Amino acid sequence: MQKPSCTDADQRLLAALRDCGTDPRVAAAARALSWAGEHGALWLAAGFAAAAADRDRRGAWLRGTALVAAAHLASMGVKRVVRRPRPRLPAAEPLVRTAGRHSFPSSHASSAAAAAVAYGALRPAGAQLVPPLAAAMCVSRMVAGVHYPSDIAAGALLGGVTARAGAAWMRKPLERGRR
């Protein structure tokens, strides 16, 4: 498969966002969000915590968490096929180390978008709180200098589509007829 090429706009937007990371507060936030989103950890923990706290919707939360995990795994599979290298900016080193060498699509964006769609469908608070945090996590990966904007867009699309495709399954009532 041919690697997606980086456009000039992709490169310019990445450089501009990475420049925001010269502010120590912005850099610290980008590092924290990148760390929290590694392997979908924040979103998986949130789903399990919500399942423990919301007994009436426990099954839906667990299935939503499974959709987040599925989106993350799907993005990792696409990365292995596409094998697009991480960005290299001549003027700035990345703010974080990465678990892998490949950038397309962003797994952080995949799990974040899946969480925004899945968890947002389960509670009004989820619809208000998760999308802005998910967007911040996506932007943090560009501020950290480890993803092109097209990596983020593709990851968010993959995550959103994955969660949306499983929405009916996620909200399916638990079967209570155990014997």
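Computed from a predicted model, the values in this text were never measured in an experiment.

What exactly am I supposed to notice about the overall build of the protein here?
Scanning the protein for helices and strands turns up eight helices and zero strands. Taken from N to C terminus, the helices and strands of the protein fall in the order α-α-α-α-α-α-α-α. The C-alpha extent of the protein, read off along each of the three principal axes, is 65 × 40 × 25 Å. Every one of the 179 residues in the protein was classed for burial, and the buried ones make up 45%. Considering only contacts within the protein whose residues lie at least 6 apart along the sequence, 81% involve residues at least 24 apart. Here the protein has roughly 9800 Å² of accessible surface; of this, 62% comes from carbon and sulfur atoms. Positive and negative side-chain charges of the protein, numbering 25 and 10 respectively, have mean locations separated by a distance of 9 Å.

Explain the packing of helix α2 (residues 24-36) against helix α6 (residues 124-143) here, please?
Two measures define how a pair of helices packs: the angle their axes make with one another and the distance between the axes. Two elements in contact, α2 and α6, have axes separated by 8 Å at closest approach and are oriented at 110°. When the axes of α2 and α6 are compared, the pair comes out roughly perpendicular. Here the hand of the crossing between α2 and α6 comes out left-handed. Packed against α2, whose contacting residues are V26, A30, L33, S34 and A36, the element α6 presents L133, A136, M137, S140, R141 and V143 at the interface. Here the contact of α2 with α6 is composed, by residue class, of eight nonpolar, two polar and one charged.

I keep staring at the nonpolar core and nothing clicks. Help me out?
Looking at soluble globular proteins, one finds that nonpolar side chains tend to be buried together. Membership of the largest hydrophobic core comes to 35 residues, with the highest contact counts inside it found for W43, L95 and Y119. Ranked by residue count, the leading element in this core is helix α5 (residues 107-120), at seven residues.

Please clarify how the side chain of R18 should be interpreted in this entry.
Its location among the elements puts R18 in helix α1 (residues 8-20). There is a polar contact of 2.7 Å between the side chain of R18 and the backbone oxygen of E93. Setting aside residues up to four positions removed in sequence, R18 forms contacts with L89, A92, E93, P94, L95, M142, V143, A144 and G145.

Sorry, what's going on with α1 here?
The periodicity of an α-helix, 3.6 residues per turn, causes residues three or four places apart in sequence to face the same way. Compared with the 18 Å implied by 1.5 Å per residue over 13 residues, the 19 Å span of α1 between its first and last C-alpha is a close match. Listed in full, the buried residues belonging to α1 are D10, L14, L17 and R18. Buried residues of α1, seen end-on, are gathered within an arc of 100° and therefore sit on one face of the element. For α1, exposure combined with an orientation more than 90 degrees from the buried face picks out D8 and R12. Tucked inside the fold, the buried residues of α1 contact α6 and α7 (149-165).

Is there a simple way to think about unusual backbone geometry in this case?
If a residue is not glycine, its phi is most likely negative; likewise, a peptide bond is most likely trans. For the bond running from F104 to P105, omega is -5°, close enough to zero to count as cis. Here P105 lies in the loop between α4 (58-82) and α5. At H39, a residue that is not glycine, the phi angle is positive and equals roughly 55°. Along the polypeptide, H39 turns up in the loop between α2 and α3 (41-53). Positive phi, normally seen in glycine, also occurs at R83, with a value near 60°. As for its position among the elements, R83 is in the loop between α4 and α5.

What is the right way to read the packing of α5 against α7 from this model?
At a minimum axis distance of 7 Å, the contact between α5 and α7 shows a crossing angle of 40°. Regarding α5 and α7, the two cross each other, and that crossing is right-handed. Note on element contacts: α7 touches α5 through I152, G155, A156, L158, G159, G160, A163 and R164, opposite A109, S110, A113, A114, V117 and A118. In terms of residue class, the contact of α5 with α7 is built from nine nonpolar, four polar and one charged.

Conventions used here
- Residue positions within a chain follow its written sequence, with the count starting from 1.
- The model is predicted, so local features are restricted to residues of pLDDT at least 70 and side-chain atom pairs to those at 80 or more, both for listing and for counting; the totals for chains, interfaces and linings are taken over all residues.
- Hydrogens are left out, water is left out, and the side-chain values use all remaining heavy atoms of the structure.
- Every helix listed is a DSSP run of H or I at least four residues long, and every strand listed is a run of E at least two residues long, numbered separately from the N terminus.
- Three labels apply to residues, based on accessible area from a 1.4 Å probe with only protein chains included: buried if under 20% of the type maximum, exposed if over 50%, partly exposed otherwise in between.
- Note on contacts: a residue pair qualifies if any of its non-hydrogen atoms lie within 4.5 Å across the two residues.
- Each accessible area value is a Shrake-Rupley result obtained with a 1.4 Å probe; residue values ignore everything except the protein chains displayed when judging cover.
- Charged-residue counts in this description rest on Lys and Arg as positive and Asp and Glu as negative, His and the chain ends being excluded.
- To locate a charge, the coordinates of NZ of Lys, CZ of Arg, CG of Asp or CD of Glu are taken.
- Note on geometry: axes are C-alpha line fits, over the in-contact stretch for helices, and angles between N-to-C directions span 0 to 180 degrees.
- Comment on the angle field: the value is read as roughly parallel under 35 degrees, roughly antiparallel over 145, roughly perpendicular from 65 to 115, and oblique elsewhere.
- Crossings are classed by handedness, with left-handed meaning an anticlockwise turn of the near helix from the far one by less than a right angle and right-handed meaning a clockwise turn.
- Ten residue types, Ala, Val, Leu, Ile, Met, Phe, Trp, Tyr, Cys and Pro, are classed as nonpolar, four, Asp, Glu, Lys and Arg, as charged, and the remainder, Gly among them, as polar.
- Here, the term nonpolar core denotes a set of buried Ala, Val, Leu, Ile, Met, Phe, Trp, Tyr and Cys residues that are joined through side-chain atoms within 4.5 Å.
- Within 3.5 Å is the distance limit for a polar contact, defined as a pair of N or O atoms, with the added protein rule that one can donate a hydrogen and the other accept it, and that residues adjacent in sequence qualify only through two side-chain atoms.
- Any helix carries an expected span of 1.5 Å times its number of residues minus one.
- Taking the helix axis as origin, the arc is that swept by the directions to the C-beta atoms.

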